[in-house]
Amino acid sequence: MHLIRRGDPHLAVRSSDGITTVELYGELDLVTVQRVRPELDVLAREAPALTVDLRHVTFCDASGLGLLVRCAQRVRDRGAEWGLVCEQPMILRLVRLAALEDLLRPSPPAPPQGSGDPPGPRTARPGRLPV
């Protein structure tokens, strides 16, 4: 598995074991959304499983949230697997306030393989997001 940087500095894609992961970088605002939407649309149509990783996103506005909703709906409507990796409290709060937890299903990043560490304080109770 390797990270493939695209022509856009806000997007990188990697695939492994049938899962395509899109890492987004910087601010997920109207300008960035317009730049990355075409690539995300293609991946949402074609990837057998799509995960969007927001760990490197520093800001998300309504247009960014709309892009995530669009991707999640397209992926799930065709029966593919959807994942959203997010640990930023402000983005998680935005998802919660918009009542999009069930659609977007954000989760914290998986611990490194072989770490053996028990889940830390970021682990949320089922059905609740950390804030």
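See the structure shown above.
What comes next concerns the included structure. Keep in mind the model is a prediction, meaning the values are calculated, not measured.

Overview of the overall build of the protein chain
Looking only at helices and strands, the protein chain features four helices and six strands. The order of α-helices and β-strands along the protein chain, N terminus first, is β-β-β-α-β-α-β-α-α-β. For the protein chain, buried positions account for 40% of its 131 residues. Restricting the contact set of the protein chain to residue pairs at least 6 apart, pairs at least 24 apart contribute 63%. Total accessible area computed for the protein chain in this model is approximately 7700 Å², and 53% of it derives from carbon and sulfur atoms.

Considerations on the layout of surface pockets
Computed from the structure, the second largest pocket encloses a volume of approximately 410 Å³. Residue assignment for the lining of the second largest pocket shows that the elements contributing at least two residues are strand S2 (11-16), strand S3 (19-28) and strand S4 (49-60). Grouping the amino acids of the lining of the second largest pocket by side-chain chemistry returns five nonpolar, four polar and four charged.

Points about the side chain of Asp41
Mapped onto the elements, Asp41 comes out in helix H1 (residues 30-46). Not counting residues up to four positions away in its chain, the partners in contact with Asp41 are Arg70 and Arg74.

Focus: the nonpolar core
Val22, Leu24, Leu28, Leu50, Leu54, Trp82 and Leu104 are the most contacted members of the largest nonpolar core, which has 33 residues in total. Where this core is concerned, the elements lending two or more residues are S2, S3, H1, S4, helix H2 (62-77), strand S5 (81-85), helix H3 (89-97) and helix H4 (101-104). With seven residues, H2 is the single largest residue contributor to this core. The contact partners of Leu28, leaving out residues within four places of it in the chain, are Val33, Leu54, Val57, Phe59, Cys60, Asp61, Gly64, Leu67 and Leu68.

Brief notes about the pairing of S3
With seven of 10 residues buried, S3 is to be regarded as a mostly interior element. Across six bridges, the pairing between S2 and S3 is antiparallel. Within S3, the position partnered with Ala12 by the bridge is Glu23. If you look at the hairpin formed by S2 and S3, you'll find two residues sitting between the two strands, and Asp17 has a positive phi there, around 50 degrees. Judged from the eight bridges that link them, S3 and S4 form a sheet pairing that is parallel. Bridge pairing links Leu28 to Cys60 in S4. Running through H1, the crossover from S3 to the neighbouring parallel element S4 is right-handed.

Structural notes on H2
Taking 1.5 Å of rise per residue, 16 residues should cover 22 Å, and H2 covers 22 Å from first to last C-alpha, within 8% of that figure. All of the buried residues in H2 are Gly64, Leu65, Leu67, Leu68, Val69, Cys71, Ala72 and Val75. The secondary structure elements touched by the buried residues of H2 are S3, H1, S4, S5, H3 and H4. Phi for Gly79, located one or two positions after H2, is positive at around 85 degrees.

What counts and how
- For every chain, the first residue of its written sequence is number 1, and the numbers climb from 1 along that sequence.
- Local features in this predicted model are restricted to residues of pLDDT 70 or higher, and side-chain atom pairs are both shown and tallied only at a pLDDT of 80 or more, whereas totals for entire chains, interfaces and linings draw on every residue.
- Heavy atoms throughout the structure, all of them, feed into the side-chain values; hydrogens and water do not.
- Labels follow the DSSP assignment, with helices taken as runs of H or I lasting at least four residues and strands as runs of E lasting at least two, numbered in each case from the N terminus.
- Only protein chains enter the accessibility calculation, which uses a 1.4 Å probe; a residue is then buried when its area is under 20% of its type maximum, exposed when over 50%, and partly exposed in between.
- Contact criterion: two residues are considered in contact whenever any of their non-hydrogen atoms come within 4.5 Å of each other.
- Computed with the Shrake-Rupley method and a 1.4 Å probe, the accessible areas treat only the protein chains shown as cover for residues.
- Using a 1 Å grid laid over the protein atoms alone, points where a 1.4 Å probe fits but cannot get out form a cavity; open sets with protein on both sides within 12 Å along at least 5 of 7 lines form a pocket; any residue with an atom within 4 Å of a point counts as lining.
- Grid points are joined across faces, edges and corners, and a volume is the space filled by probe spheres set on the points.
- Only Asp, Glu, Lys and Arg are considered charged, only Ala, Val, Leu, Ile, Met, Phe, Trp, Tyr, Cys and Pro nonpolar, and every remaining residue, Gly among them, polar.
- Note on terminology: a nonpolar core comprises buried Ala, Val, Leu, Ile, Met, Phe, Trp, Tyr and Cys residues joined through side-chain atoms within 4.5 Å.
- Following DSSP output, two strands are said to pair if at least two bridges run between them.
- Whether a crossover is right-handed depends on one test, that the path from the first strand over the helix to the second runs clockwise when the strands point away from the viewer.
- A helix is expected to span 1.5 Å for every residue after the first.

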